[in-house]
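Close look at the chain arrangement
Spelled out, the chains give:
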Amino acid sequence: MSRKEEQPTRRSVLAVAGGAAGASALGLARPALAASSGTTAEAAPFAATAVRPGDPRYADLTVGLNQRWTSSPDRVHLVSTTEQVVGVVAEAAAAKRRVTVRSGGHCYEEFVYNSDVDVIVDMSEMNRVYFDADKNAFAVEPGANLGDIYDRLYRGWGVTVPGGMCYSVGAGGHVAGGGWGLLCRRDGLIVDHLYAVEVVTVDRSGKARAVVATRDDTGRLHDLWWAHTGGGGGTFGIVTRYWFRSPNASGTDPSALLPKPPAEVLVSAVSWPWAKMKQADFTTLVRNFCTWHETHAEPGGNTAGLVSLLNLNHISGGEIGLLTQVTGDTPDADAVLEEYLDHVTRGMSVSPERPSDNSSDHGPLANFFVPRRWSWLKATHYLGTSNQVMTNPTLRGDQKSAYHRRGFTEAQIATLYEHLRAGQLDNPMAQVVVSSYGAQVNAVAPGDTAQAHRDSTFKVLYQTNWTEAEDDAVNLAWLRGLYRDTYADKGGVPVPDEQTSGCFVNYCDIDLGNARYNTSSVPWHDLYWGGNYARLQRAKAYWDPADFFRHGQSVRLP
């Protein structure tokens, strides 16, 4: 271990032993660690608030976006500073209370809201985005949602990070899981630009402390940084701050330290009515989408600015949609888009149409049947807020995922067609979303970040959302059957082989660890992390040796 690791400075560590200082740490002024941020426009913190049963706020703070998952903790702590988080965690560790953490509330499984949790640490008030001169990097607190991050970075400095398109997702879990978005083929994943992370950890004796780990560190500190580049949330501690600066950036001009988004983007949205879609056309459409992405999976080239989502909606949704964005700085962007659409639709007997206003793809996208050039920020706002699933607080849901190195087989396409037309389900929010991947994502080696999927061509989200608890069984049965049958020859899951490479940890799926649904010989953790899992376990053993931070699919101790 290096001397730097043996003797962490006040700047890198805030420590509270056991629970002795737990209460006194609450409600203090912003600590020196945060005060050295280099920003002059910091809001004063409020005292950490413990919301308990009987408080009118309790019901809203004990359920996430997915209404299937609820909880009844002893308290929910609303925090606004790193020191407050240290205090809350220390007190919980001393009392041996089970802790979970919420940033945006979008976890697909019950990892935050469940029957075992005693204390929820709610990070929603830690939502600042600012330039930190000390780190020469942009600081983002975990409660900041993606929409606000894009606004602040772009309006303030003309830069961005290549994160997800859904505006309300919180940075906390999104970044830790290796988030991706519409700029991924041009700029890679958001973790490819992560410079540092601040994490509240708990050692074997119950001491809580805040540790800062950077890309430049070595040894255990580097491992902690690395674990947050795709290792998932809720395993190593509570993230209280991220810092972003691109690896190839130099100088101290903030506007040169992260990618500059394109001034404008070219957006296209077309659809095909299910009423006119023959099985041969469906097969051709899916096959063409896959072959284009197989051909254009390598980094570089003039198609890196193109990202497309093929929304294979259930027949009750009325139509299948294709949303495509091309960055305006792409050479001959209009020609690139036209050639792409020509490739995807080649050989189909049914022509694409304007999406209907009630399309279940991503909201009312009829504006883009004729491709339109919009400013990047305008398009980001529009596409990020038009997703019904991310804006409806009444939904229940379930999701599964797959990374593909090669396209669907003919048998798999036939399975998709069969299940998407299944009569036992009447749900326009059931769908399979096939999304562009690769290009700059694949420029990073699998071991350079915890996100190991660095040779895929596209990513697949299998999902269904509904509103009533009485519809749980039919929706879960449909989704499980679709997923199982699609990968039937692999044991019901996309095992790493020539065609597939596993699953996306941010689309967490507890079924992957259930022998009833995963009949392959590949365990759930290898589907998420492949060969990186052993290193994640070593980081877990050092930084959380008592397994204080855990959930249904957290990294296990060795």
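Per an unreviewed UniProt entry, the protein chain goes by BBE domain-containing protein and derives from Streptomyces glaucosporus. Entered under Cofactor (unreviewed entry) in the UniProt record, the comment concerning the protein chain runs "FAD". According to its UniProt record, the protein chain has this under Sequence similarities (unreviewed entry): "Belongs to the oxygen-dependent FAD-linked oxidoreductase family."

So, about the nonpolar core. Grouped together as the largest cluster of nonpolar side chains are 122 residues, with contacts concentrated most on Phe-282, Leu-312, Phe-408 and Tyr-462. When neighbours within four sequence positions are excluded, Phe-408 is seen to be in contact with Val-286, Cys-290, Ile-413, Leu-416, Val-434, Phe-458, Val-460, Tyr-462, Thr-486, Tyr-487 and Gln-499. Core analysis: the next-biggest nonpolar cluster, separate from the first, contains 21 residues, Ala-93, Val-99, Val-121 and Phe-549 among them.

One open sheet accounts for four strands, arranged E2-E3-E5-E4; its pairing is mixed. Since the sheet does not close on itself, it has two edges, and those belong to strand E2 (49-51) and strand E4 (99-102), each with one partner. Averaged over all neighbouring strand pairs, the angle between strand axes comes to 25°, with direction disregarded. As defined by bridge partners, strand E3 (residues 75-78) adjoins strand E5 (residues 119-122) across four bridges and the pair is classed as parallel. Residue Arg-75 lies in a different strand from E5, and its bridge partner there is Val-119.

With that settled, consider empty space enclosed by the protein. Under the criterion given, the structure shown has eight cavities of 30 Å³ or more. Of the voids in this model, the second largest cavity is the one considered here, and its volume is about 130 Å³. Along the walls of the second largest cavity sit 14 residues, with Tyr-150, Gly-164, Leu-182, Trp-376 and Thr-380 positioned nearest its centre. When residues of the lining of the second largest cavity are assigned to their parent elements, the largest contribution, five residues, is made by helix H11 (residues 376-385). The class makeup of the residues in the lining of the second largest cavity is eight nonpolar, six polar and no charged.

Okay, the layout of surface pockets next. Considered as a void within the structure, the largest pocket measures approximately 380 Å³ in volume. Lining of the largest pocket is provided by 22 residues; of these, Asp-192, His-193, Ser-246, Pro-247 and Asn-248 occupy positions nearest its centre. Considering only residue class, the lining of the largest pocket consists of 11 nonpolar, seven polar and four charged.

Interhelical geometry of helix H9 (residues 279-295) versus helix H13 (residues 410-420) gives an angle of 125° and a closest axis separation of 10 Å. Considering the angle they form, H9 stands oblique to H13. Every pair of crossing elements has a handedness; the one defined by H9 and H13 is right-handed. Residue-level contacts link Gln-279, Phe-282, Thr-283, Val-286 and Arg-287 of H9 to Glu-410, Ile-413, Ala-414, Leu-416, Tyr-417 and Leu-420 of H13. For the contact of H9 with H13, a count of residues per class yields seven nonpolar, two polar and two charged.

This paragraph deals with the pattern of salt bridges. Opposite charge on two side chains allows them to pair when their charged atoms are near. Here the structure, examined in full by the defined rule, presents 22 salt bridges. Between Lys-400 and Asp-511 there is a salt bridge; the shortest N-O distance is 2.8 Å. Of this pair, Lys-400 sits in strand E15 (residues 396-404) while Asp-511 is found in the loop between strand E18 (500-502) and helix H15 (524-529), placing the two residues 111 residues apart along the sequence. A relative accessible area of 2% means that Lys-400 is categorised as buried. Relative accessible area serves as the criterion here: at 6%, Asp-511 is assigned to the buried category. A salt bridge links Arg-480 to Asp-511; its shortest N-O distance comes to 2.8 Å. Within this pair, whereas Arg-480 is found in helix H14 (residues 472-486), its partner Asp-511 is found in the loop between E18 and H15, the two being separated by 31 residues in sequence. Looking at Arg-480, the relative accessible area reads 24%, which means it is partly exposed.

Right, let's talk about the packing of H9 against helix H10 (residues 333-345) for a bit. Packing of H9 against H10 brings their axes to within 7 Å, and their N-to-C directions diverge by 135°. The orientation of H9 with respect to H10, classified from their angle, is oblique. Only Tyr-340, His-343, Val-344 and Thr-345 of H10 make contact with H9, whose side of the interface consists of Thr-284, Leu-285, Asn-288, Phe-289, Thr-291, Trp-292 and His-293. Residues belonging to the contact of H9 with H10 are distributed by class as follows: five nonpolar, six polar and no charged.

Before going further, it helps to examine the sheet that holds strand E14 (residues 372-375). The strand order across the open sheet formed by eight strands is E14-E11-E13-E12-E16-E17-E15-E18, and the pairing between neighbours is antiparallel. Single-partner strands in this sheet number two, and they are E14 and E18. Strand-to-strand twist in this sheet, taken as the mean axis angle between neighbours without regard to direction, amounts to 25°. Here five bridges tie strand E12 (residues 306-313) to strand E16 (residues 431-436), and the two strands are oriented antiparallel to one another. Counted as the bridge partner of Leu-312 is Val-432 from E16. Sitting on the sheet, H13 touches E12, E15, E16 and strand E17 (458-466), and the angle it makes with E12 is about 55°.

With six of its seven residues buried, strand E9 (residues 208-214) lies for the most part within the structure. The sheet contact formed by strand E8 (residues 194-202) and E9 spans seven bridges and is antiparallel. Residue pairing across strands places Glu-198 opposite Val-212, the latter belonging to E9.

Between the first and last C-alpha of helix H5 (residues 146-157) there are 16 Å, a value that for 12 residues agrees with the 16 Å anticipated at 1.5 Å per step. What H5 keeps buried is the set Leu-146, Gly-147, Ile-149, Tyr-150, Asp-151 and Leu-153. Looking at the buried positions of H5, the neighbouring elements they touch are strand E6 (129-132), strand E7 (137-140), helix H6 (171-176) and H11. Following H5 by one or two positions, Gly-158 has its phi on the positive side, about 75°.

This paragraph deals with the pairing of E5. Side-chain alternation along E5 places Val-119 and Val-121 on one buried face and Ile-120 and Asp-122 on a second face that is also buried. Looking at chain direction, E4 and E5 are connected through four bridges and run parallel. Within the sheet, the bridge partner assigned to Val-99 lies in E5 and is Val-119.

Scoring rules and cut-offs
- Residues numbered from 1 in each chain as written.
- Predicted model: local features only at pLDDT ≥ 70, side-chain atom pairs only at ≥ 80, totals over all residues.
- Heavy atoms only, no water.
- UniProt positions renumbered as here; feature names shortened; annotations may be inferred.
- Core = buried A, V, L, I, M, F, W, Y, C linked by side-chain atoms within 4.5 Å.
- Buried < 20%, exposed > 50% of the residue type's maximum accessible area, 1.4 Å probe, protein only.
- Contact = heavy atoms within 4.5 Å.
- Pairing = 2+ DSSP bridges.
- Helix = DSSP H or I, 4+ residues; strand = E, 2+ residues; numbered from the N terminus.
- Axes fitted to C-alpha atoms, helices over the stretch in contact; angles between N-to-C directions.
- 1 Å grid on protein atoms, 1.4 Å probe; cavity = no way out; pocket = protein on both sides within 12 Å on 5 of 7 lines; lining within 4 Å.
- Points joined across faces, edges and corners; volume = space filled by probe spheres on them.
- Nonpolar A, V, L, I, M, F, W, Y, C, P; charged D, E, K, R; others polar.
- Parallel < 35°, antiparallel > 145°, perpendicular 65-115°, else oblique.
- Left-handed = near helix turned anticlockwise from the far one by under 90°.
- Salt bridge = Lys/Arg side-chain N within 4 Å of Asp/Glu carboxyl O.
- Expected span 1.5 Å × (residues − 1).

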